[in-house]
Amino acid sequence: MFVDSHCHVHFRAYKDEQDELIKKTLESGVFMVTVGTDKETSCEAIECAEKYNGVFATIGLHPEHVIDQTFFDENESAEHHPAETFDPDFYRTLAKSKKCVAIGECGLDYYRMPEGIDRDAAIIKQKQTVRAHFDLADELGLPVVVHCRDAYADQLAINQEYLDAGKLKRRGVIHCFAGTLENARAFIAQGFYLGFTGVITFPARKTDVLVDGLTETQQIIREMPIDQMFIETDSPYLTPIPFRGKRNEPSYVKYVAQKIAEIRGVSIEEIEHATTDNAKRLFRLAIE
Ligand SMILES: [Zn+2]
Ligand SMILES: [Zn+2]
């Protein structure tokens, strides 16, 4: 049994075959945490989770949706959503669902900033929005799901601010982790979990510095404590090898586990058990 700890199985990418896909995935022994990214997709995540035993939801506002974007992701929603300002009351009400297991994805994304935008203002708004999520998670006693890209130092600082104040007792997960070894060690010391996607199955890029043939992310996987590791697909995105280029789906989380097993020189069952235990512990998943 596996847990895909971060997917978007309720997104529009699956609209015609969502029911069939979810049932097939559950039958194959893969449980899912499906992640909201704004008001609409957070509502849909909860609705989806309430329909199926073995599907759980998180709710939050993705840092890309905090600012007006020039692109539109038709795999996410049926129509373009303008920038949203985080409304704690709205999300607090949604969090009443028993299937809501965390707040997020929220975080900082300095990578995908639209051209010509006031970058400093956008970063300030993203930081305020992270804090609003952390306040809500702390109030509700829930963990957080953090999305972080090219912003690890700032994210670590915000985490530390909350931990120093005795908040965020349940911590959370930094999903699709792509920081340095040093960043990884710092999040681990803070008690956070690190999530890995199909990206770890991709061949190294020309710019990667390899140690023992491993990219930095793979070195992190080799050395980090197994009890703080999560596996995820982030589907419909980031499809692992051997399906790269096609639409991703939650059952492919097994390929992520397989790659981690290879890197650590252990059996896939060992990774399966450890990461399932981790997801159950952090999210308090009600599964046998
Ligand atoms: Zn993300
Ligand atoms: Zn995501």
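In the block above lies the structure referred to throughout.
Conventions adopted
Residues numbered from 1 in each chain as written. Chains lettered and ligands numbered in written order. Predicted model: local features only at pLDDT ≥ 70, side-chain atom pairs only at ≥ 80, totals over all residues. Pairing = 2+ DSSP bridges. Helix = DSSP H or I, 4+ residues; strand = E, 2+ residues; numbered from the N terminus. Right-handed = clockwise from strand over helix to strand, strands pointing away. Expected span 1.5 Å × (residues − 1). Buried ≥ 20, exposed ≤ 12 C-beta atoms within 10 Å, placed from the backbone. Contact = placed C-beta atoms within 7 Å.

1. Concerning the pairing of strand 6 (residues 172-175)
Bridge analysis of strand 5 (residues 144-149) against strand 6 gives four bridges, and the strand direction is parallel. Bridged to Val145 within strand 6 is Val173. One crossover worth recording links strand 5 to the parallel strand 6 by way of helix 5 (residues 152-164), and it is right-handed. The parallel pair strand 6 and strand 7 (residues 193-196) is bridged by helix 6 (residues 181-189), and the resulting crossover is right-handed.

2. Side note on helix 8 (residues 253-264)
Counted at 1.5 Å a residue, the expected span for helix 8 with its twelve residues is 16 Å, and the 17 Å between its end C-alpha atoms agrees. For helix 8, the set of buried residues is Val253, Lys254, Tyr255, Val256, Ala257, Lys259, Ile260 and Ile263. Buried positions along helix 8 lie against strand 1 (2-7), strand 2 (30-35), strand 7, helix 7 (216-223), strand 8 (229-231) and helix 9 (268-283). Residue Gly265 follows helix 8 closely and has a positive phi angle near 65°.

3. Brief notes about unusual backbone geometry
The residue after Gly104, namely Glu105, is reached through a cis peptide bond having omega 20°. The step from Ser235 to Pro236 runs through a cis peptide bond, and the omega angle for that step is 15°. Looking at the element boundaries, Pro236 is found in the loop between strand 8 and helix 8. Phi at Asp234 is positive, roughly 55°, even though this residue is not glycine. Mapping Asp234 onto the fold places it in the loop between strand 8 and helix 8.

Structural measurements only, silent on function.
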